[in-house]
Amino acid sequence: MIENDLDDRPQYTPWIAALWVEPDMRRRGIAAKLMEAARKQASARGTCILLSLCNA
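Along every chain, residues carry numbers that run from 1 in the direction the sequence is written. Note on the predicted model: pLDDT of at least 70 is required for a residue's local features to be given, and 80 or more for side-chain atom pairs to be given and counted; whole-chain, interface and lining totals, by contrast, use all residues. In computing side-chain properties, one takes all heavy atoms of the structure into account and sets aside hydrogens as well as water.

(A) Structural detail: the overall build of the protein. In terms of regular secondary structure, the protein is built from one helix and zero strands. Considered along the principal axes of its C-alpha atoms, the protein spans approximately 35 × 25 × 10 Å. Out of the 56 residues in the protein, the part that is buried amounts to 11%. By definition in these notes, contact holds between two residues if any of their heavy atoms fall within 4.5 Å. Contacts in the protein between residues at least 24 apart in sequence constitute 39% of all its contacts with a sequence separation of at least 6. Put simply, DSSP marks the helices as runs of H or I at least four residues long and the strands as runs of E at least two long, and each gets a number from the N terminus on. Each residue's exposure class comes from its accessible area (1.4 Å probe, protein chains only) as a fraction of the maximum for that residue type: buried when under 20%, exposed when over 50%, partly exposed otherwise.

What follows is the structure in structure tokens.
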């Protein structure tokens, strides 16, 4: 989780950036666990909204 990923749009914060799971490790819930950890971290900091961009 970073402050933002778009210098032109600093209001989009906090940002989940560069989450990647290797192809042979997918379909095991790894990304979901990482997203949940980020959500918990953000919640502990008082943040209710997280932003990300997904390209599949």
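(B) Up close: helix 1 (residues 30-44). When the terminal C-alpha atoms of helix 1 are compared, their 21 Å separation across 15 residues agrees well with the 21 Å that a helix rising 1.5 Å per residue should span. Phi turns positive one or two residues past the end of helix 1, at G46, with a value near 85 degrees. Each residue after the first adds 1.5 Å to the expected span of a helix.

(C) Spotlight on the layout of surface pockets. Using only the protein atoms, space was sampled on a 1 Å grid; points where a 1.4 Å probe fits but cannot get out form cavities, open sets with protein on both sides within 12 Å along at least five of seven lines form pockets, and lining residues are those with an atom within 4 Å of a point. Grid points are joined across faces, edges and corners, and a volume is the space filled by probe spheres set on the points. Estimates place the volume of the largest pocket at around 510 Å³. Along the walls of the largest pocket sit 21 residues, with L19, W20, L53, C54 and N55 positioned nearest its centre. A per-class count over the lining of the largest pocket returns 14 nonpolar, three polar and four charged. Residues are sorted three ways: Asp, Glu, Lys and Arg are charged, Ala, Val, Leu, Ile, Met, Phe, Trp, Tyr, Cys and Pro are nonpolar, and all the rest, Gly among them, are polar.

On their own, these measurements won't tell you what the molecule is for.
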